[in-house]
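# Observations on the model geometry
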Protein chains: 2
Amino acid sequence: MITEDILAALRLIVGASGLKTADTLSLIHPGADPHNLDAGVMVVPRNTDQVAAILSLCNMHRIAVVPHGGRTGLAGGAVSSPGEIILSLAAMTRIESLSAPAGIAIVEGGVTLQTLQEAAASANLSVGIDIASRGSATIGGMISTNAGGMEAFRLGVMRHRVLGLEVVLPDGSIMRDMVQVAKSNEGYDLKQLFIGAEGTLGIVTRAVIRLAPGDAFTATALVACPSAANAVALFQKLQHNRGIHLLRAEFMARNYFALASSLLGPATLAAFTEAPAYLILETDAANQRQALSALEQALADSIEEGLVADAILAQSEKDRSEIWNIREDSNVITRAYPHGYWFDISVPLQELDTWLRQFDQGIADLGPDIRGFAFGHLGDGNLHVGVAGESTNPPKDKVRAMIYANLKEMGGSFSAEHGIGLEKKPELMALIDPVKLALMQSIKRTFDPKGIMNPGKIVG
Amino acid sequence: MITEDILAALRLIVGASGLKTADTLSLIHPGADPHNLDAGVMVVPRNTDQVAAILSLCNMHRIAVVPHGGRTGLAGGAVSSPGEIILSLAAMTRIESLSAPAGIAIVEGGVTLQTLQEAAASANLSVGIDIASRGSATIGGMISTNAGGMEAFRLGVMRHRVLGLEVVLPDGSIMRDMVQVAKSNEGYDLKQLFIGAEGTLGIVTRAVIRLAPGDAFTATALVACPSAANAVALFQKLQHNRGIHLLRAEFMARNYFALASSLLGPATLAAFTEAPAYLILETDAANQRQALSALEQALADSIEEGLVADAILAQSEKDRSEIWNIREDSNVITRAYPHGYWFDISVPLQELDTWLRQFDQGIADLGPDIRGFAFGHLGDGNLHVGVAGESTNPPKDKVRAMIYANLKEMGGSFSAEHGIGLEKKPELMALIDPVKLALMQSIKRTFDPKGIMNPGKIVG
């Protein structure tokens, strides 16, 4: 119960403007899930000490705390309920330092990805991670969900970009592990537990992020492949080609590309070669001419080898943005099928073709009115998969069973980069190793004995 | 106490040939630390179930277990005492599968790095990690110490090469998390706790390792820089140069290079330009001519810019191996100064020059008979540092204080890639964040309530 006394105590910590209820809260957008703000009370601390004071107070009074970053999460990790309080990092948005020689940024948890990307770009550096929700997703939220995105095959997921971390624990104590180096073995690497914990073990207040060299001169191509197996073979070939520096390799199955290109256009792309698998490949080189000619040559070779059916090389920034739009505006599918089910899986590359064939067959078996869409990040075998009926959806259990059939045996994952939140809890409980689950539960009890941190999420 | 009954029970699990005592144990080399075999009893299980049965038995009878891989660890993590038993992975050496299209190997914990490197090379792949003790270091041991080495700046430390893990917990239960994909967020990433835990939380029995493309045609240069700051600037410049694919960048301070080159030869290298900082740079390209000309051009540009004083480009495999020998046979220093103290630190790149100047000054302050040696992995700021007296060593506390002065404030680490073991425990207790230490202790109690796993190491 959030009493008036609790509200008064919170106000003492964050000031009147830092406490949002009723009227002031109604001005805030709920984000990706309509229930994110259901708690009705939000505190907006301005520094780590305020976060610590809030958690200490809430722990003492057993008040549940739901941490909020940019509210872009797709698994319901930020959903809150009456009786809980939301702790938003929205006022902790400082880039404390960015060192070009070291390739390191020290940031507060509420900095958005795009803000950090822009700061890094001004030093010819990149964050080394990129996701479509860059404008609102925060670094703290991306750490808490171990975000992936388009560059992970090359530069790792968020876990691999984090060098150091500061975390406020549920009892208000502060773990400071802000090393700025990649090699540090100072006992158990506890920061790894908070990465991907979706705010159930503590709140990420500050981080040291490793930056990467920025893109040089880029070349972009839309590529049609005779099969997903060919797309994988092409990817591996480019990974071994020292004349090509591959930046991004995004995948779209026929079902996704056909609908997205017809809805988004332009006509030239919508009329592109019919094929089971499409890729967007982006490379860079020391100059523009070299970037284009190296990619053109590699694609010509691949056509000759039969790995590629056809390809369009972007000749202008307009070409490039039209090609990327088909992949990045994936909401075009959810707008067309708002009641579809969505999944976020990883499939080992050697099994990708098999899984996609199994998926096409599964969709056909569900009936003629059922549509399936698959797209994602090729290098990681990370597929975002949608299933929807033209009139009514098939039963969710049946769809789930089809999506996850053989996935674990293949070495894949039912939860790639969006996290567990509330949405993937049935999967977690059904598919996880029981010994791992028991250990997760003891970790949760050890770190958060009163169970105040983001209740209901993961094993809470 | 290891009673006859316990020995009989162990023999029932691993068979007579899998239990080594007195005579049979004396045939085994103790490895990097003379006390590794002091327990006097070793079990050598052949599979995960046997490991589980051993731990279950030992846990029930509170018998301490010291896991052994290749016994190459430099921090005493494999040291054992009478009353304990050693559990060696020496009979679990299977490469279960190696998929070239997926770039993945599934291995047992006792496989040596070199064995896996050779298997990967036959598919034009690399393990993505390389350390000088490759011939005996095992994958399980490298996971347990989160090994780093020469390629970490580019391909990550061991933590970043591990996709999936199988671990036997102290009570004999088996956590199976053998995913084969880079993106997997299935709750808390518990495998991260075992990586770098030096066998104090469980025993790594199997792992899924992500492989990387193998080297193409390489070029190698020995480079003298007017300062360590210049060496760092050169490294960053090459990282941004899309015409260069940098594979390795090893660092040697003047003090190291002068002694090692004079002891190891050849005369041409020993007579190479006098400078404060030396690098070995290795690059690759699509063909030999291109590899050599690109590196030559980059070095010529760097000489013009003043980043490089002089450089020798290897023209043959013999040149290449002579250059590498000066860096890889670092034991030449420990043979010359067998009683020296050694440290393994990380320094953020922007502070490397400052730290090294501080080090030179510190050595001078200790007295005219004191020698200091620094070398290591440039891209990670990872320095291996030795201090020794010509006649007698300075007091260790004084040397420690000098090495660690300002290191934490700089964002560095007192334990880069060799682990804590027994040797770095004083550092751990003195320098670690107290909140992190308390959490580490609760993790240890939660996972290993009877304290049987590798006692005395890290927080045991």
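Residues numbered from 1 in each chain as written. Chains lettered and ligands numbered in written order. Predicted model: local features only at pLDDT ≥ 70, side-chain atom pairs only at ≥ 80, totals over all residues. Heavy atoms only, no water.

## Description of the overall build of chain A
Counting its regular elements, chain A contains 18 helices and 18 strands. By the compact-globule yardstick of 23 Å for 460 residues, chain A fits well, its C-alpha radius of gyration being 23 Å. Expressed as lengths along the three principal axes of its C-alpha atoms, the size of chain A is roughly 70 × 55 × 45 Å. For chain A, the residues scored as buried account for 60% of the 460 residues in total. Taking all contacts inside chain A whose residues are at least 6 apart in sequence as the whole, residues at least 24 apart take part in 74%. For chain A, the accessible surface area stands at approximately 16300 Å², while carbon and sulfur atoms represent 53% of it. (Helix = DSSP H or I, 4+ residues; strand = E, 2+ residues; numbered from the N terminus. Rg over C-alpha atoms; globule rule 2.2 N^0.38 Å. Buried < 20%, exposed > 50% of the residue type's maximum accessible area, 1.4 Å probe, protein only. Contact = heavy atoms within 4.5 Å. Areas by Shrake-Rupley, 256 points an atom, 1.4 Å probe, with all protein chains shown as cover.)

## Considerations on the sheet that holds strand β4 (residues 85-88) of chain A
All names here are of chain A. Reading across from one edge, β1-β2-β4-β3 is the order of the four strands in this open sheet, with mixed pairing throughout. The strands lining the two open edges of the sheet, one partner per strand, are β1 (19-21) and β3 (65-68). Recorded for the sheet is a direction-independent mean angle of 25 degrees between the axes of neighbouring strands. Summarising the sheet, strand β2 (residues 41-43) and β4 pair through two bridges and their orientation is parallel. When the bridges of β4 are listed, Val 43 appears paired with Leu 87. (Pairing = 2+ DSSP bridges. Axes fitted to C-alpha atoms, helices over the stretch in contact; angles between N-to-C directions.)

## Remarks on the relation of the copies chain A and chain B
Note on the identical chains: chain A maps onto chain B by a rotation of 180 degrees and an axial translation of 0.0 Å, with an RMSD of 0.0 Å. Both copies are brought into coincidence by an operation consistent with a two-fold rotation axis. No C-alpha of chain A approaches the rotation axis more nearly than that of Gln 192 of chain A, which lies at 3.1 Å. Comparing contact sets, 100% of the residues at the interface of chain A also lie at the interface in chain B, consistent with an isologous, same-surface contact. (Least-squares fit on C-alpha atoms with pLDDT ≥ 70 in both.)

## Let's talk about the domain arrangement of chain A
Residues and elements named next belong to chain A. On domain assignment, one finds that chain A holds domain 1 (4-88), domain 2 (95-213), domain 3 (217-328) and domain 4 (334-418). Each of domain 2 and domain 3 has a C-alpha centre, and these two points are 30 Å apart. Taken together, the contact between domain 2 and domain 3 spans six residues of the former and 10 residues of the latter. When domain 2 packs against domain 3, close to 700 Å² is buried across both sides, 51% of that on carbon and sulfur atoms. Looking only at domain 2, the three residues that lose the most surface to domain 3 are Met 150, Phe 153 and Arg 154, adding up to 76% of its buried area. Summed over the shared surface of domain 2 and domain 3, the result is two salt bridges. For the pair domain 2 and domain 3, the interface holds three residue pairs in polar contact (both at pLDDT 80 or more). Grouping the amino acids of the side of domain 2 that touches domain 3 by side-chain chemistry returns three nonpolar, no polar and three charged. (Domains from an automatic or database assignment. Buried area = accessible area lost by both parts, 1.4 Å probe. Salt bridge = Lys/Arg side-chain N within 4 Å of Asp/Glu carboxyl O. Polar contact = N/O pair within 3.5 Å; in protein donor to acceptor, adjacent residues only side chain to side chain. Nonpolar A, V, L, I, M, F, W, Y, C, P; charged D, E, K, R; others polar.)

## Considerations on the interface of chain A and chain B
With 86 residues of chain A at the contact, the number on the chain B side is 86 residues. Together chain A and chain B conceal approximately 6700 Å² of surface at their shared face, both sides included; 58% is due to carbon and sulfur atoms. A per-residue breakdown of the area chain A buries against chain B is headed by Lys 183, Tyr 188 and Arg 242 of chain A, which together make up 16% of the total. The residue Asp 177 of chain B makes a salt bridge to Lys 436 of chain A at a minimum N-O spacing of 3.6 Å. The interface formed by chain A and chain B contains 47 residue pairs in polar contact (both at pLDDT 80 or more). For the side of chain A that touches chain B, the secondary-structure elements that each account for two or more residues are α6 (152-155), α7 (158-161), β9 (174-177), α8 (191-194), α9 (228-240), β13 (245-253), β14 (277-285) and α18 (434-447) of chain A. Counted by class, the side of chain A that touches chain B contains 40 nonpolar, 31 polar and 15 charged residues.

## Quick look at the packing of helix α9 (residues 228-240) of chain B against helix α12 (residues 288-305) of chain B
Residue and element names in this part refer to chain B. Two elements in contact, α9 and α12, have axes separated by 12 Å at closest approach and are oriented at 135 degrees. Comparing their axes, α12 and α9 come out oblique. Relative to α12, the crossing made by α9 is right-handed. Contact residues: α9 offers Leu 234, Lys 237 and Leu 238, while α12 offers Ala 298, Asp 301, Ser 302 and Glu 305. For the contact of α9 with α12, the class distribution of residues is three nonpolar, one polar and three charged. (Parallel < 35°, antiparallel > 145°, perpendicular 65-115°, else oblique. Left-handed = near helix turned anticlockwise from the far one by under 90°.)

## Overview of the confidence of the model for chain A
The predicted model of chain A averages 96 in pLDDT, with 100% of residues at 70 or higher. Two numbers describe this predicted complex: its pTM, 0.96, and its ipTM, 0.96. (pLDDT = per-residue confidence, 0-100.)

## A look at the pairing of strand β4 (residues 85-88) of chain B
Residue and element names in this part refer to chain B. Burial of β4 is two-sided: the residues Ile 85 and Leu 87 facing one way and the residues Ile 86 and Ser 88 facing the other way are all buried. Sheet topology places strand β3 (residues 65-68) next to β4; four bridges connect them, and they run parallel. Across the sheet, Val 65 pairs through a bridge with Ile 85, a residue of β4.

## Concerning the environment of Gly 110 of chain A
Residue and element names in this part refer to chain A. Looking at the element boundaries, Gly 110 is found in the loop between β6 (104-108) and α4 (113-121). Each C-alpha atom of the pair Gly 110 and Gly 141 lies 7.9 Å from the other, and the pair is 31 residues apart in sequence. Beyond its immediate stretch of four places on either side in the chain, Gly 110 contacts Leu 89, Met 92, Thr 93 and Thr 138.

## Details of the sheet that holds strand β2 (residues 41-43) of chain B
Residue and element names in this part refer to chain B. Pairing in this open sheet of four strands is mixed, and the strands run β1-β2-β4-β3 from one edge to the other. Each edge of the open sheet carries a strand with a single partner, namely β1 (19-21) and β3. Geometrically, the sheet is characterised by an average inter-axis angle of 25 degrees between neighbouring strands, direction not taken into account. Contacting β1, β2 and β4, helix α1 (residues 4-14) runs over the sheet at an angle of about 140 degrees to β1.

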